[in-house]
Amino acid sequence: MTNEHIRSACEAILFASGEPVEASRIAEALEVETETVEGALWELSRALDERESGICLLRLGSKYQLVSRKEYAQEIRNV
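Here the structure is a predicted model, which means the values were calculated and not measured.

Caption draft 1: Region of the structure containing the overall build of the protein chain. Counting its secondary structure elements, the protein chain contains four helices and three strands. Each helix and strand of the protein chain, ordered N terminal to C terminal, gives the series α-β-α-α-β-β-α. The principal-axis extents of the C-alpha atoms in the protein chain amount to approximately 40 × 25 × 20 Å. Looking at the protein chain as a whole, 28% of its 79 residues qualify as buried. Pairs at least 24 apart in sequence give 45% of the contacts found in the protein chain among residues at least 6 apart. Carbon and sulfur atoms form 49% of the exposed surface of the protein chain, whose accessible area is close to 5400 Å². Counting 9 positive and 15 negative side-chain charges, the protein chain places the centres of these two groups 6 Å from one another.

Following this line, the structure appears as C-alpha coordinates:
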(Lines give C-alpha, C1' and ligand atoms only; values in the text may rest on other atoms or scores of the structure.)
Protein backbone atom coordinates (compact mmCIF):
# COMPACT_ATOMS: atom_id res chain seq x y z
CA MET A 1 0.00 0.00 0.00
CA THR A 2 1.49 3.36 -1.02
CA ASN A 3 1.69 6.38 1.26
CA GLU A 4 -0.79 8.19 -1.02
CA HIS A 5 -3.25 5.31 -0.70
CA ILE A 6 -2.90 5.26 3.09
CA ARG A 7 -3.44 9.03 3.28
CA SER A 8 -6.52 8.84 1.06
CA ALA A 9 -7.90 5.88 3.01
CA CYS A 10 -7.43 7.80 6.27
CA GLU A 11 -9.31 10.74 4.78
CA ALA A 12 -12.16 8.49 3.64
CA ILE A 13 -12.40 6.77 7.03
CA LEU A 14 -12.49 10.08 8.91
CA PHE A 15 -15.02 11.58 6.50
CA ALA A 16 -17.34 8.59 6.76
CA SER A 17 -17.04 8.38 10.53
CA GLY A 18 -18.00 11.95 11.34
CA GLU A 19 -16.64 11.36 14.86
CA PRO A 20 -13.11 11.33 16.26
CA VAL A 21 -11.30 8.06 15.47
CA GLU A 22 -8.26 6.61 17.23
CA ALA A 23 -5.18 6.41 15.02
CA SER A 24 -4.75 2.83 16.21
CA ARG A 25 -8.23 1.90 14.92
CA ILE A 26 -7.39 3.34 11.51
CA ALA A 27 -4.10 1.44 11.53
CA GLU A 28 -5.90 -1.78 12.37
CA ALA A 29 -8.41 -1.25 9.56
CA LEU A 30 -5.62 -0.57 7.06
CA GLU A 31 -3.36 -3.30 8.44
CA VAL A 32 -0.42 -0.93 8.93
CA GLU A 33 1.48 0.44 11.93
CA THR A 34 -0.01 3.28 13.97
CA GLU A 35 3.09 5.38 13.23
CA THR A 36 2.39 4.98 9.50
CA VAL A 37 -1.15 6.28 10.00
CA GLU A 38 0.06 9.19 12.12
CA GLY A 39 2.50 10.16 9.37
CA ALA A 40 -0.24 9.93 6.76
CA LEU A 41 -2.54 12.06 8.91
CA TRP A 42 0.18 14.68 9.28
CA GLU A 43 0.53 14.74 5.48
CA LEU A 44 -3.25 14.98 5.10
CA SER A 45 -3.38 17.93 7.51
CA ARG A 46 -0.60 19.69 5.64
CA ALA A 47 -2.27 19.09 2.27
CA LEU A 48 -5.59 20.48 3.51
CA ASP A 49 -3.81 23.58 4.85
CA GLU A 50 -1.78 24.09 1.67
CA ARG A 51 -4.82 24.06 -0.59
CA GLU A 52 -6.77 26.23 1.87
CA SER A 53 -9.49 23.61 2.16
CA GLY A 54 -12.74 24.40 3.95
CA ILE A 55 -12.02 21.47 6.24
CA CYS A 56 -9.11 20.68 8.51
CA LEU A 57 -7.85 17.76 10.54
CA LEU A 58 -8.42 18.13 14.27
CA ARG A 59 -6.31 16.11 16.69
CA LEU A 60 -7.87 15.27 20.04
CA GLY A 61 -5.23 13.32 21.94
CA SER A 62 -4.80 10.11 19.95
CA LYS A 63 -8.05 10.66 18.03
CA TYR A 64 -8.52 12.54 14.77
CA GLN A 65 -11.54 14.15 13.12
CA LEU A 66 -12.24 16.08 9.94
CA VAL A 67 -13.99 19.34 10.82
CA SER A 68 -14.98 22.54 9.05
CA ARG A 69 -12.64 25.48 9.56
CA LYS A 70 -13.82 27.96 12.15
CA GLU A 71 -13.46 30.87 9.71
CA TYR A 72 -16.43 29.43 7.78
CA ALA A 73 -18.71 29.12 10.82
CA GLN A 74 -20.98 31.99 9.73
CA GLU A 75 -21.43 30.60 6.24
CA ILE A 76 -22.26 27.20 7.68
CA ARG A 77 -24.84 28.72 10.03
CA ASN A 78 -26.43 30.50 7.04
CA VAL A 79 -27.25 27.20 5.32
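Caption draft 2: Broad picture of the pattern of salt bridges. Scanning the model with the defined rule gives three salt bridges in all. When the shortest N-O distance is used, the salt bridge between Glu-4 and Arg-7 registers 3.2 Å. Taken together, the positions of Glu-4 and Arg-7, both in helix H1 (residues 3–17) and three residues apart, correspond to about one turn of that helix. When the shortest N-O distance is used, the salt bridge between Arg-46 and Glu-50 registers 3.2 Å. With Arg-46 and Glu-50 both in helix H3 (residues 34–50), this residue pair falls four residues apart, about one helical turn.

Caption draft 3: Representation of the packing of H1 against H3 within the structure. Following both chains from N to C, one finds H1 and H3 inclined at 80°, their axes separated by 9 Å at the closest point. One way to sum up the angle between H1 and H3 is to call them roughly perpendicular. In this structure, H1 contributes Ile-6, Arg-7, Cys-10, Glu-11 and Leu-14 to the contact, and H3 contributes Thr-36, Val-37, Ala-40, Leu-41, Glu-43, Leu-44, Ala-47 and Leu-48.

Rules used throughout
- Per-chain numbering applies: the sequence of each chain, read as written, is numbered from 1 onward.
- The model is predicted, so local features are restricted to residues of pLDDT at least 70 and side-chain atom pairs to those at 80 or more, both for listing and for counting; the totals for chains, interfaces and linings are taken over all residues.
- Values reported for side chains reflect all heavy atoms of the structure, with hydrogen atoms and water molecules removed beforehand.
- Elements are defined by DSSP. Helices are runs of H or I of four residues or more, strands are runs of E of two residues or more, and each kind is numbered from the N terminus.
- Working definition: with a 1.4 Å probe on protein chains only, accessible area under 20% of the residue-type maximum means buried, over 50% means exposed, and in between means partly exposed.
- Any two residues whose heavy atoms approach within 4.5 Å are treated as being in contact.
- Shrake-Rupley sampling with a 1.4 Å probe provides the accessible areas, and residues are treated as covered by the protein chains on show and by no other component.
- When charges are tallied, Lys and Arg are placed among the positive residues and Asp and Glu among the negative ones, while His and the ends of the chain are skipped.
- To locate a charge, take atom NZ for lysine, CZ for arginine, CG for aspartate or CD for glutamate.
- Any carboxyl oxygen of Asp or Glu that lies within 4 Å of a side-chain nitrogen of Lys or Arg is treated as forming a salt bridge with it.
- Inter-axis angles, ranging from 0 to 180 degrees, are taken between N-to-C directions of lines fitted to C-alpha atoms, where helices are fitted over the stretch in contact.
- Here is the rule for angles: anything less than 35 degrees is roughly parallel, anything more than 145 is roughly antiparallel, 65 through 115 is roughly perpendicular, and the remaining ranges are oblique.

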